[in-house]
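# Observations on the three-dimensional arrangement
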Amino acid sequence: MAEISRRAGVGMATLYRNFPGRPELLEALCVDDVDAICEAAQITDGETPGAPLEAWLRRFFVFFNKNHHVAELLKQTDDAAAFLSATRARVLAAGRPLLLAAQQTHEIREDLTLEQILQMIIAIATIHRDPGFVEPILQTALDGLRAKPRTPDTATRL
């Protein structure tokens with residue numbers, strides 16, 4: 001807290017007036033990003049759901065990449081479980097309609113849940129290399145989410 005106070009150019013009393021402890025400060029660091037990721041889970045009129053889902057998953061990748069250190073620090077505090085659980089629930093609630101819409105239009109595989117997909121994105125985001133190394137991995141994973149085109153043979157078997 002002293003280092004944050006120094007870098008922010010505010011006194012310790014000011015910092016503690018606004019953030020009684022470390023968990024509150026860490027939560028404040030990512031709450032705007034959580035709000036933005038949840039608000040971004042939208043389908044614009046005229047779009048098929050697959051493209052907005054992919055854009056949202058890329059945004060989630062950037063969000064996690066930016067905030068994973070804060071989440072790790074939060075996990076070390078006693079009071080963070082409720083915040084992390086609520087944040088996870090909000091992100092899932094925001095993204096689930098996008099995924100379901102893309103699955104219903106057969107753009108995205110139906111055998112994966114949003115939890116599985118986000119876990120895959122998180123795993124890729126934890127690869128600590130330059131963006132040129134990680135981007136093809138992310139793109140390959142996103143490509144793998146696409147449903148295989150239905151052929152007449154598979155349509156009759158269903």
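These lines cover the structure that appears in this document, whether it is placed above or below. (Residues numbered from 1 in each chain as written. Predicted model: local features only at pLDDT ≥ 70, side-chain atom pairs only at ≥ 80, totals over all residues. Heavy atoms only, no water.)

## Some points on helix H6 (residues 114-125)
To be explicit about the condition: What counts as a helix is a DSSP run of H or I of at least four residues, what counts as a strand is a run of E of at least two, and both are numbered from the N terminus. Under the convention used throughout, the expected extent of a helix is 1.5 Å for every residue step, that is, one less than its residue count. In this scheme, a residue with accessible area under 20% of its type's maximum is buried, one over 50% is exposed, and one in between is partly exposed, where area comes from a 1.4 Å probe on protein chains only. By arc we mean the arc of the directions from the helix axis to the C-beta atoms, nothing more. We call two residues in contact when some of their heavy atoms are within 4.5 Å.
The end-to-end C-alpha distance of H6 is 16 Å, a good match for the 16 Å that 12 residues give at a rise of 1.5 Å each. Of all the positions in H6, only Leu 114, Ile 117, Leu 118, Ile 121, Ile 122, Ile 124 and Ala 125 are classed as buried. Projected onto a plane normal to the axis of H6, the buried residues spread over an arc of 160° and lie on a single side. On the buried face of H6, the contacting elements are helix H4 (50-75), helix H5 (80-104) and helix H7 (131-145).

## A short note on the nonpolar core
Let me state the cut-off plainly: In this description, a nonpolar core means a group of buried Ala, Val, Leu, Ile, Met, Phe, Trp, Tyr and Cys residues linked to one another through side-chain atoms lying within 4.5 Å.
Counting 30 residues, the largest nonpolar core has Leu 53, Trp 56, Leu 57, Phe 60, Leu 118 and Ile 121 as the members making the most contacts within it. Residue assignment for this core shows that the elements contributing at least two residues are helix H3 (22-39), H4, H5, H6 and H7. In this structure, Leu 26, Cys 30, Val 70 and Phe 83 belong to the second largest nonpolar core, which totals six residues.

## Section: the packing of H3 against H4
The relative placement of two packed helices comes down to the angle between their axes together with the axis-to-axis distance. Selection criterion: Axis lines are fitted to C-alpha atoms, over the contacting stretch for helices. Their N-to-C directions set the angle, which ranges from 0 to 180 degrees. For classification purposes, an angle smaller than 35 degrees is called roughly parallel, one larger than 145 roughly antiparallel, one from 65 to 115 roughly perpendicular, and anything else oblique. As a working rule, the residues Ala, Val, Leu, Ile, Met, Phe, Trp, Tyr, Cys and Pro are called nonpolar, Asp, Glu, Lys and Arg charged, and the rest polar, with Gly in that last group.
Here H3 crosses H4 at 175°, and the two axes come no closer than 10 Å. Our classification of the angle between H3 and H4 gives roughly antiparallel. In this structure, H3 uses Arg 22, Pro 23, Leu 26, Glu 27, Leu 29, Cys 30, Asp 33, Val 34, Ala 36 and Ile 37 to contact H4, whose residues at the interface are Trp 56, Arg 59, Phe 60, Phe 63, Lys 66, Asn 67, Val 70, Leu 73 and Leu 74. Counted by class, the contact of H3 with H4 contains 13 nonpolar, one polar and five charged residues.

## Describing H7
In a regular helix each residue adds 1.5 Å, so 15 residues correspond to 21 Å; H7 covers 21 Å between its end C-alpha atoms and thus fits that length. What H7 keeps buried is the set Val 134, Leu 138, Ala 141, Leu 142 and Leu 145. Here the buried residues of H7 occupy an arc of 95° about the axis, which is enough to place them on one side. Facing away from the buried side of H7, by more than 90 degrees, are the exposed residues Gly 132 and Thr 140.

Functional significance is not addressed by these values, which are geometric in nature.
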